[in-house]
Amino acid sequence: MKVRTAIIGGSGVYDPAILSELKMVTVRTPYGEVKIDVGKFKGRTIAFLARHGKGHELPPHKINYRANIAALKIVGVEDIFATAAVGSMNSSFGLGHIVLADSFLDFTKMREMTFYGGGESGVVHTDFTEPYCPGLRRIIEKAAKELNFAVHNGGTYVCTEGPRFESKAEIEFFKMVGGDIVGMTNVPEVILAREAGMCYAVCALVTNYAAGISEQPLTHGEVLDVMRENAEKVKKLLYYSLDSLTEKSDCSCFNSGEKLCFEGKVIEG
Ligand code: HPA
């Protein structure tokens, strides 16, 4: 099985509706088993993975990021389009806007962060000057502009450990150090994708203003409601972006990574 492209659906994006001829595949990885949907989009084979599980049962700190990325690598994925719900700390990034992050600040605390834990895997330091693929970002930006969606190509994603939302003081600090949007899932997902030499971009949808900027206390329900209202928009954006994904983009994502190979097994059905 060779699947070049994957979608990782975040909050509110749980079903691979834009794909046809769907089948479920179980991938055994060194980090655990992962179920992914594989389907067709205009003749191409695409994988879909619901980051929080199909019923949103996994909180951000319990997601098995290493198994997810290893599973996608095992089925042959080179390009990952991820979606995520985020809070905004930047007054230009309004509700419902799409932000294509170009960098991150990591404030997570207790996650498995790397495929290179020493020992057999050796000591490896991967370049993260540009963590998000500029080629994929350009494709998504172009699609969003054609669709008349408010899109920002660039922005710093602050990743917090969660599952709680942030304090007002934390948000003030994150703003001060250059954060634009805040979420709980992009680290280590983007890190592992790069370590595995894959192109990765995230379509971050602004569901709320971050704590202290919004006047009301934040609720997960509010985030999910806004995400649900915008789910069609995100799916349409993915649809248009996949449509214009042709040959490999001119980027160095593959060469910055270490071309990792994982022992794995793909079980269809
Ligand atoms: N903070 C952290 N994660 C989030 C937010 C937020 O404000 N909105 C959506 N995910």
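Structural data are supplied above this passage.
Here is what the cut-offs are and how they apply
Residues numbered from 1 in each chain as written. Predicted model: local features only at pLDDT ≥ 70, side-chain atom pairs only at ≥ 80, totals over all residues. Heavy atoms only, no water. Pairing = 2+ DSSP bridges. Helix = DSSP H or I, 4+ residues; strand = E, 2+ residues; numbered from the N terminus. Core = buried A, V, L, I, M, F, W, Y, C linked by side-chain atoms within 4.5 Å. Buried < 20%, exposed > 50% of the residue type's maximum accessible area, 1.4 Å probe, protein only. Contact = heavy atoms within 4.5 Å. Near = heavy atom within 4 Å. Polar contact = N/O pair within 3.5 Å; in protein donor to acceptor, adjacent residues only side chain to side chain. Nonpolar A, V, L, I, M, F, W, Y, C, P; charged D, E, K, R; others polar. Salt bridge = Lys/Arg side-chain N within 4 Å of Asp/Glu carboxyl O. Phe/Tyr/Trp six-rings, centres within 6.5 Å; stacked < 30°, edge-to-face > 60°. Lys NZ or Arg CZ within 6 Å of the ring centre and 35° of its normal.

**Looking at the pairing of strand 3 (residues 32-41)**
Stage number 1. Bridge count for strand 2 (residues 20-29) against strand 3 is eight bridges, and the pairing is antiparallel. Pairing of K23 across the sheet is with V38, part of strand 3.
Stage number 2. Between strand 2 and strand 3, which pair antiparallel in sequence order, lie two residues.
Stage number 3. As defined by bridge partners, strand 3 adjoins strand 4 (residues 44-50) across five bridges and the pair is classed as antiparallel. Within strand 4, the residue paired with D37 across the bridge is F48.
Stage number 4. Hairpin connection of strand 3 to strand 4: two residues between the antiparallel strands, including K42 at a positive phi of 45°.

**Notes on the nonpolar core**
Stage number 1. In this structure, I36, I69, L72 and I80 are the most contacted members of the largest nonpolar core, which totals 47 residues.
Stage number 2. Here the element with the most residues in this core is helix 1 (residues 65-74); it accounts for seven residues.
Stage number 3. The residues contacting I69, other than those within four sequence positions of it, are I8, I80, F115, E189, L192, A193, A196 and M198.
Stage number 4. Judged by nonpolar contacts, the second largest core, of 33 residues, contains I18, V151, V234 and C253.

**Let's talk about the site of the ligand**
Stage number 1. With respect to spatial proximity, the complete set of residues near the ligand consists of A85, V86, G87, F165, E166, V182, G183, M184, T207, N208, L218 and V223.
Stage number 2. A85 places a main-chain nitrogen or oxygen 3.3 Å from a nitrogen atom of the ligand.
Stage number 3. At the level of elements, strand 5 (79-88), strand 10 (181-183) and strand 11 (199-209) are the ones that each hand at least two residues to the shell around the ligand.
Stage number 4. When residues in the shell around the ligand are grouped by element, the largest group, three residues, is from strand 5.
Stage number 5. Among the residues forming the shell around the ligand, the class breakdown is seven nonpolar, four polar and one charged.

**Describing the pattern of salt bridges**
Stage number 1. Counted by the stated rule, this structure contains 14 salt bridges.
Stage number 2. Two residues, K235 and E232, come together in a salt bridge whose shortest N-O distance is 3.8 Å. One end of the pair, K235, and the other, E232, are both in helix 5 (residues 220-243), three residues apart, so they sit about a helical turn from each other.
Stage number 3. With a relative accessible area of 11%, K235 lands in the buried category.

**As for helix 4 (residues 186-195)**
Stage number 1. The buried count for helix 4 comes to ten of ten residues, which makes it a mostly enclosed element.
Stage number 2. Of the residues flanking the end of helix 4, it is G197, one or two places downstream, whose phi is positive at about 75°.

**Description of the packing of aromatic side chains**
Stage number 1. Counting across every chain of the model gives ten aromatic pairs.
Stage number 2. Aromatic pair F107 and F174: ring centres 4.7 Å apart, planes at 45°, arrangement tilted. Of the two residues, F107 sits in strand 7 (residues 103-107) while F174 sits in helix 3 (residues 168-176), which places them 67 residues apart along the sequence.
Stage number 3. For F174, a relative accessible area of 5% translates into the label buried.
Stage number 4. Counting every residue linked through ring pairs, the aromatic cluster contains Y31, F115 and F262.
Stage number 5. Geometry around F149 places K233 over its ring, the cationic atom sitting 5.4 Å from the centre.

**Concerning unusual backbone geometry**
Across the chain, the bulk of peptide bonds are trans and the bulk of non-glycine residues have phi less than zero.
Stage number 1. That bond from G162 to P163 is cis: its omega, -5°, falls within 30 degrees of zero.
Stage number 2. Omega for the bond connecting V187 with P188 falls within 30 degrees of zero, at 15°, which places this linkage in the cis form.
Stage number 3. Mapping P188 onto the fold places it in helix 4.
Stage number 4. Unlike most non-glycine residues, E21 shows phi in positive territory, near 50°.
Stage number 5. Among the structural elements, E21 can be located in strand 2.
Stage number 6. At K42, a position not held by glycine, the phi torsion is positive, near 45°.
Stage number 7. Within the secondary structure layout, K42 lies in the loop between strand 3 and strand 4.
Stage number 8. For K42, a relative accessible area of 52% translates into the label exposed.

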